[in-house]
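Remarks on the overall topology
Chain residues, written in single-letter form:
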Amino acid sequence: MLRHRLYWGKMRLILLSLSLLIFSSCSTPPAPEAHQGELDLTNMNLSTPVQLHGPWEEFWGQLLPPVASEPSEPGDSVYLPGVWNAGHRHPAYGVASYRLTLKLPPGPEVWGLKLPSILTSYRLYINGRLMAQSGLVGLTAQESTPQYGKQMVFFHTGPAQTSQATLVLQVANFSYRKSGVTGSILLGTSPVMEQLQEMDAFAEYLLLGALLILVVYYLALSLIRPADKASFWFGLFCLAVLIRLVATGDHTLETMIPGFSWEIRKKLELLIFSLGAVTLVQFLRNLYPQELGKSLPRILNVAYLLMGLAVLVFPVKLMNNAVPLMEILVTVGFLLVLIPLGLAVIRKRTGALLVFFSLLVLAIAAIHDILYASLLISSFFILPYAFLAFVLTQTLLLVRNFAVAFRLAEERGLQLKATNDSLTRFVPADFLISLGKSSINEVKLGQQALAHMSILFADIRRFTSLAESLSPDKTFRLLNAYFGHIGPVIRQNGGFIDKYMGDGFMALFPRSGEDGLQAAIDIQRALQEYNAHRLKSGYTPLKVGIGVHAGPLMIGTIGEEGRMDTTVISDAVNLTSRLESLTKTLGAGTMVTLGFLDSLEHPENYHWRYAGVVRMYGKKAALEVAHIWDGLPDEECQLYEATKLTFEEGISLYRTGSMAEAEKAFQSVLERHPTDVGAQYYAARARLLKEFGLPEDWDAIEDQLQK
């Protein structure tokens, strides 16, 4: 419960900060618009900020004097905010002055004025007094210097019947593809604007702090677990979002480095835009490698890296004209990646649905911002919020998985304490728990329960011929010695043996698929120790085939009142038994379905190879299977690892009907690993099909002919 409260407390804090940032950046209440360079606010309640929208006077090519004297000719009426080169009204490079007369409520009031980013340098005069400046404003490029210039200024008016303020805004641009006032100028009373400034700063710092924590967490996680490449790339993606927010934020960079270079700032913004796309693609590729493959991520990353290289090499004055192309490339990349992510959703990959929709939101936000930046729609930039939402959803998914795992572990520990140890030798305590019982006395005939568990089948190879050479007494001693090594392994991995079937057994693992698969690996390792003892005693070593799967099953009791037994009924149980049989033909060690492997939280922790598509005995539907060799002797593992790519290439050739090439590939495997039963099987099958030709109804699916 404590972890649950902390988890939701963190989520509320993050959502609150995001809400504050959105509130401070979104639209404000409507106000009267300017008319012929004048804006009358005398009857407005200015307890909330208002936007100074509407027609201002524009004086193109002039730096209007700040004093109230009239220019030689009247100015044009131009709507602000707006870009002066929109619709080719003026060239992008040049100077312009804007003037607006404000009529304010009377009284000795102090006012606050929030200025947006104005491209690319400006001076603001209020009643002839210089109140704000960003960069240098001049009539030529040599006289001008661009600068990032969001500012908050405060001014006061006298106690006149109607207070009046004349705003003269001089703007120069010789560096960027757009020119003019791109955002809303906000006006409010001093307390209101100070509060707005504090909210902006608080939200920005809080979000940056949260992102910094995520960056440190994911990168530290990738250092602790180097195989977890997805965490590494997601940490870099969070870092890219963090740097971009610093580069485009109102407070952070200006506080750390006042007057930071506009050129470097724009380069940093564009470079992170490109590299952030690379980290996102790599994160998704490591999250769903089978769906994304290698070609699409490679093409996208090359394109994005070339974009980043161009940003480094060419000046901003040239590169800013390529920004629309960069935006389109990144958006198209998002849309292309959505296709394989949709396939991951169909295959029910873990978290695929959430990733798909969060990436779809990113793509929509990118398209929206492109339209907004092109002045095709009236709105505001939402892509930063979409990036933050994407980061939060992935973090939420990870935290949820950890919370569920912790909760299940705690519940499991409490249940085990109530187990009657004396009865676990005959009726496993976990069986009682699965039935919802705390004591064997509560169990009745016919009781059953539906559960989702991991299932393990194991069987000793060629045990029948071995038993024929032993007396019944020695056979029992052999089996009991073998099971004496195996039983502790099952319990250590959170499972219990449900049935002994001669030399084989079935074990169940209520917690997760990882438990069953790890038990299979540990069984093979325990078998190595046992075989070493047998060899010293002059006995033949044992080999064990294992199948592991997971799914829903019915667990209960059958029999009659005088004699009952526990049983498990499930299609998943039958399938696991068939998987164990496949170790005779497709690979020694452990066999699983590809769907089971993909359902694991960390499938990258295991060493495996693709073993083809098999229609199990008695089944109609075919399944993709994988051979896992973890736990086998080191020399065997090394041979399987060394021949993995050649074997899988052979499978690919075999399934496309290229039997001659497939046989050659499998023979190449056998040259290095002669005892590889999987390569033996496929080499023989390819040779046979090459000799007699493919049947008309051949579908590249292997039929299991016996259990």
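Anyway, here's the lowdown on the structure attached to this text. These numbers were taken from a predicted model, which means no experiment stands behind them.

1. Digging into the sheet that holds strand 5 (residues 82-83)
Spatially, the three strands line up as an open sheet ordered 5-13-8, and their pairing is antiparallel. The open sheet has two free edges, formed respectively by strand 5 and strand 8 (118-119), since each of these has just one partner strand. Relative to strand 13 (residues 180-181), strand 5 is paired through two bridges, and the arrangement is antiparallel. The residue bridging Gly 82 from the neighbouring strand is Val 181, located in strand 13.

2. Section: helix 14 (residues 472-492)
Across its 21 residues, helix 14 extends 31 Å between first and last C-alpha, which sits within 8% of the 30 Å expected from 1.5 Å per residue. Of all the bends in helix 14, the greatest, near 25°, is centred on Gly 484, and the proline Pro 488 appears no more than four residues after it. Those residues of helix 14 that sit buried are Thr 475, Leu 478, Leu 479, Tyr 482, Phe 483, Ile 486, Gly 487, Val 489 and Ile 490. Backbone geometry just downstream of helix 14 places Gly 494 in the positive-phi region, at approximately 80°.

3. Digging into the nonpolar core
In terms of nonpolar packing, the biggest core is built from 64 residues, with Leu 456, Tyr 482, Ile 490, Phe 505, Val 625 and Tyr 654 touching the most fellow members. Broken down by element, this core gets its largest block of residues, eight residues, from helix 15 (residues 513-536). One finds Val 241, Met 319, Phe 356 and Leu 359 within the second-largest nonpolar core, a separate group that totals 53 residues.

4. Some points on the sheet that holds strand 2 (residues 50-51)
The strand order 2-14-7-11 describes an open sheet built from four strands, whose pairing is antiparallel. Two strands bound the open sheet, and with one partner strand each, they are strand 2 and strand 11 (151-156). In this sheet, strand 11 lies alongside strand 7 (residues 110-115) in antiparallel orientation, the contact comprising six bridges. Bridging across to strand 11, Leu 115 finds its partner in Gln 151. Where helix 2 (residues 190-224) meets the sheet, it contacts strand 7, strand 11 and strand 14 (186-189), and its direction lies at approximately 120° from that of strand 14.

5. Observations concerning the environment of His 602
Of note, His 602 is situated in the loop between helix 17 (594-599) and strand 21 (608-615). Overall, the relative accessible area of 18% leaves His 602 in the buried class. Between the C-alpha atoms of His 602 and Asp 228, which are 374 residues apart in sequence, the distance is 8.1 Å.

6. Concerning the pattern of salt bridges
Counted under the stated rule, the structure contains 19 salt bridges. Its salt-bridge partner being Asp 459, residue Arg 461 comes within 3.5 Å of it at the nearest N-O pair. When the shortest N-O distance is used, the salt bridge between Arg 685 and Glu 702 registers 3.1 Å. Here Arg 685, found in helix 20 (residues 677-692), pairs with Glu 702, found in strand 23 (residues 702-703); they are 17 residues apart in sequence, far enough to count as distant.

7. A word on the packing of helix 5 (residues 262-287) against helix 7 (residues 295-313)
Following both chains from N to C, one finds helix 5 and helix 7 inclined at 165°, their axes separated by 9 Å at the closest point. Taken together, the axis directions place helix 5 and helix 7 in an arrangement best described as roughly antiparallel. For the pair helix 5 and helix 7, the crossing hand works out as left-handed. Between helix 5, through Lys 267, Leu 270, Leu 271, Ser 274, Leu 275, Ala 277, Val 278, Val 281, Gln 282 and Arg 285, and helix 7, the contact on the second element is made entirely by Pro 297, Leu 300, Asn 301, Tyr 304, Leu 305, Met 307, Gly 308, Val 311 and Leu 312. Tallied by class, residues from the contact of helix 5 with helix 7 come to 13 nonpolar, four polar and two charged.

Conventions used here
- Residues numbered from 1 in each chain as written.
- Predicted model: local features only at pLDDT ≥ 70, side-chain atom pairs only at ≥ 80, totals over all residues.
- Heavy atoms only, no water.
- Pairing = 2+ DSSP bridges.
- Helix = DSSP H or I, 4+ residues; strand = E, 2+ residues; numbered from the N terminus.
- Expected span 1.5 Å × (residues − 1).
- Bend = angle between axes of the 7 residues up to and from the residue.
- Buried < 20%, exposed > 50% of the residue type's maximum accessible area, 1.4 Å probe, protein only.
- Core = buried A, V, L, I, M, F, W, Y, C linked by side-chain atoms within 4.5 Å.
- Contact = heavy atoms within 4.5 Å.
- Axes fitted to C-alpha atoms, helices over the stretch in contact; angles between N-to-C directions.
- Salt bridge = Lys/Arg side-chain N within 4 Å of Asp/Glu carboxyl O.
- Parallel < 35°, antiparallel > 145°, perpendicular 65-115°, else oblique.
- Left-handed = near helix turned anticlockwise from the far one by under 90°.
- Nonpolar A, V, L, I, M, F, W, Y, C, P; charged D, E, K, R; others polar.

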